[in-house]
Each structure stands twice: as structure tokens, then as C-alpha cells.
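As a plain string of letters, each chain reads:
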Amino acid sequence: MSLGTEALPLPRKFDWIPILALAVTVVGWASAFPAIRAGLTAFGPLELGSLRFAIAALPCALLLAIMRPALPTWREFLRLALRGLVCVSVYTVALNIGEQTVSSGAASFIVNVSPILTAIWAMLLLGERFGTVAWLGTALSFTGVTLVALSDSESFKFDAGVLFILAAALCTSVDAVIQKPLFKRHNGLTVACWSMIFAALFLTPGLPGAFRQFAAADGEARFAALYLGTVPSFVAYCGWSVTVSRFPAARAANFLYCIPPTATLMGFLWLDEIPALLGIAGGVLALVGVAVVNMALRRRRTS
């Protein structure tokens, strides 16, 4: 007769590290949108971007020196440079230009349609099928973007700033295509650090003006610039690397839908931006459209 002496399995200890990393990522990337608006009160779009990634490149270079990862090949260097140019430098400047006239909350919702643009790239370049449901989700999402844009314009017109933010979303939509081959030899943190260093190099033409504007800026604008270079850039990218190393990529990406509402809340707390009801409805519609497209494509791939 057994006396129950068999060892019972101990409950698995809850791992707080990926949860904390995910929270840092979402809050860090969401806070970039109001921080950009605050920085643009004293900096030009190019100057703010150049100062942001000059600051971010310093800890990135230090981290690479400490980690000593394998050096990229020449082909990988070219791919990293392309990512730094398109997905970081051009993205940043386009977003900065757009946020000169578009509120931080609205900008975050518009940028978040990038997964749909990524899916369209996959259809055009990789031959993936884009079914009726996916096109319906695309229509819903861009209808939402239109509502956000109209609600954010005093004259009820499709502001040019929205087009620049859509261009930023287009830049980030090719990110997966550019960086995916790099993960065969390098981890996400290494790729992020190299990309930010290349972005800093591409944005150096704006540094002289950035230093002049920094000297003349008030305390809030200076804080915004320094904050952008540390938290949304270096810290949040490191947090994202930890997140995707502990969570499945698809599951981790779903949490990024928290960024637009978080950015909207931060815009209210930091800049007193009060979103219009039409803009909130449009933002929700845009996110629903993205979710519909993702579900449709995921179902198609598993069928």
C-alpha cells in the first residue's frame, strides 16, 4: 500500500521577466508619440531624429562591445544599413514631419496599420493569397484611419501630415522582410543595436542644427529629446528583444495593439491632448481591421 511518498511536481515559478520586458516595450514605444510632439516644439523633424539616434547609438555601441557578437558579413552589413536607413531613419523623419500636424494618439493608430501593409507586401512579393475577408479587414482599417485623420483636422480635411505618417507605416512594414535573414546568425538585440547605429550615421547631417536647437530649447523639449534617445529607442528595443526570445513571435506581436490606446492616454497626460469621439471610433476600427487581416491570413496559412 502506497503511503503517498511519491514526490509531487512543484508548481512552475512564474516568470516575470518577459512580462516586465513586454510592459517596458509597450510603454516605451507608446511614449515616443507624445515625446515627439513635445520635442517638435523646439526641434525640426530631421534634427530631433538625428539627436534621438545619436543618443541611442552610444549605449548600443557599448552593448555590442560588451556582448562581442559575431561580426556581420558584408552582405549582412548592407542589409543592416538598409534597415537603418528605411525602417529607422526615413521612418523617424516621416513620423516627425507627420506629428507636426497630427496628434500623438492619432499618429499611433495610423502607424499601427503597418501589419496590413506587410501582408500586402507578402502578397505582391511572396505570392501569398489575400482573400475576401482580408480585403474587408483592410477596408475597415483604412476607413478607421480616414476617420482618425478627419477628427484630427480642424478644417475637416485629410491633412498632409497623415500622408507622412502613412509613409512611416510603409517604411516599417518592410522591416520583417529586411531583417528576417539576419536572424540566422544574429539575435534580435544585436540586430537592433546595429540598426540604431546605422540610423545615427544616416541622420548625422541633422546633428549640427540639433545641437544649436538644443542650446535654445526649453527644459521640456530637451527632456523629450533625451527621453526619445533612451527609453523608446534603446530601452524599448532591448525589451522587445527579450520579449520575442521568451514569447512566440505571433503572441508577442499581438500585445503591440496596446500601443495606440496607451499612446493616446499618454498624449492626454503629457500634452493635454483630448481625442475626439470620431477619432476614438476610427482608431478602434483601424485596430479591428488589422486584427481581421491577421486572423484571415493566419487561418489561411494553417488550412
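For the structure, check the block above.
Here is a short report on the structure shown in this document. (Residues numbered from 1 in each chain as written. Predicted model: local features only at pLDDT ≥ 70, side-chain atom pairs only at ≥ 80, totals over all residues. Heavy atoms only, no water.)

## Details of the overall build of the protein chain
Consideration 1: Within the protein chain, the regular secondary structure consists of 14 helices and zero strands.
Consideration 2: Secondary structure of the protein chain in N-to-C order comes out as α-α-α-α-α-α-α-α-α-α-α-α-α-α.
Consideration 3: For the protein chain, buried positions account for 50% of its 303 residues.
Consideration 4: Taking all contacts inside the protein chain whose residues are at least 6 apart in sequence as the whole, residues at least 24 apart take part in 89%.
Consideration 5: Accessible surface for the protein chain amounts to roughly 15600 Å². Of this, 70% is attributable to carbon and sulfur atoms. (Helix = DSSP H or I, 4+ residues; strand = E, 2+ residues; numbered from the N terminus. Buried < 20%, exposed > 50% of the residue type's maximum accessible area, 1.4 Å probe, protein only. Contact = heavy atoms within 4.5 Å. Areas by Shrake-Rupley, 256 points an atom, 1.4 Å probe, with all protein chains shown as cover.)

## Some words on the nonpolar core
Consideration 1: With 69 residues, the main nonpolar core has F53 and L95 as its most contacted residues.
Consideration 2: Here this core gets ten residues from one element, more than from any other, and that element is helix α9 (residues 188–202).
Consideration 3: Setting aside residues up to four positions removed in sequence, F53 forms contacts with V88, T92, M196, A199, A200, L203 and S233.
Consideration 4: Counting residues in hydrophobic clusters, the runner-up holds five residues, among them A119, I120, V290 and V293. (Core = buried A, V, L, I, M, F, W, Y, C linked by side-chain atoms within 4.5 Å.)

## A word on helix α1 (residues 16–39)
Consideration 1: Its 24 residues place the ends of α1 33 Å apart at the C-alpha level, agreeing with the 34 Å of an ideal helix rising 1.5 Å per residue.
Consideration 2: At F33, α1 shows its maximal kink, close to 30 degrees; a proline, P34, follows between one and four residues later. (Expected span 1.5 Å × (residues − 1). Bend = angle between axes of the 7 residues up to and from the residue.)

## Examining the packing of helix α3 (residues 74–98) against α9
Consideration 1: Put simply, α3 and α9 touch, their axes get as near as 8 Å, and they point 65 degrees apart. In terms of orientation, α3 and α9 fall into the roughly perpendicular class. In the packing of α3 onto α9, the handedness of the crossing is right-handed. Only V191, A192, W194, S195, F198, A199 and F202 of α9 make contact with α3, whose side of the interface consists of F77, L80, A81, R83, G84, L85, V88 and S89.
Consideration 2: Looking at the contact of α3 with α9 residue by residue, the classes come out as eleven nonpolar, three polar and one charged. (Axes fitted to C-alpha atoms, helices over the stretch in contact; angles between N-to-C directions. Parallel < 35°, antiparallel > 145°, perpendicular 65-115°, else oblique. Left-handed = near helix turned anticlockwise from the far one by under 90°. Nonpolar A, V, L, I, M, F, W, Y, C, P; charged D, E, K, R; others polar.)

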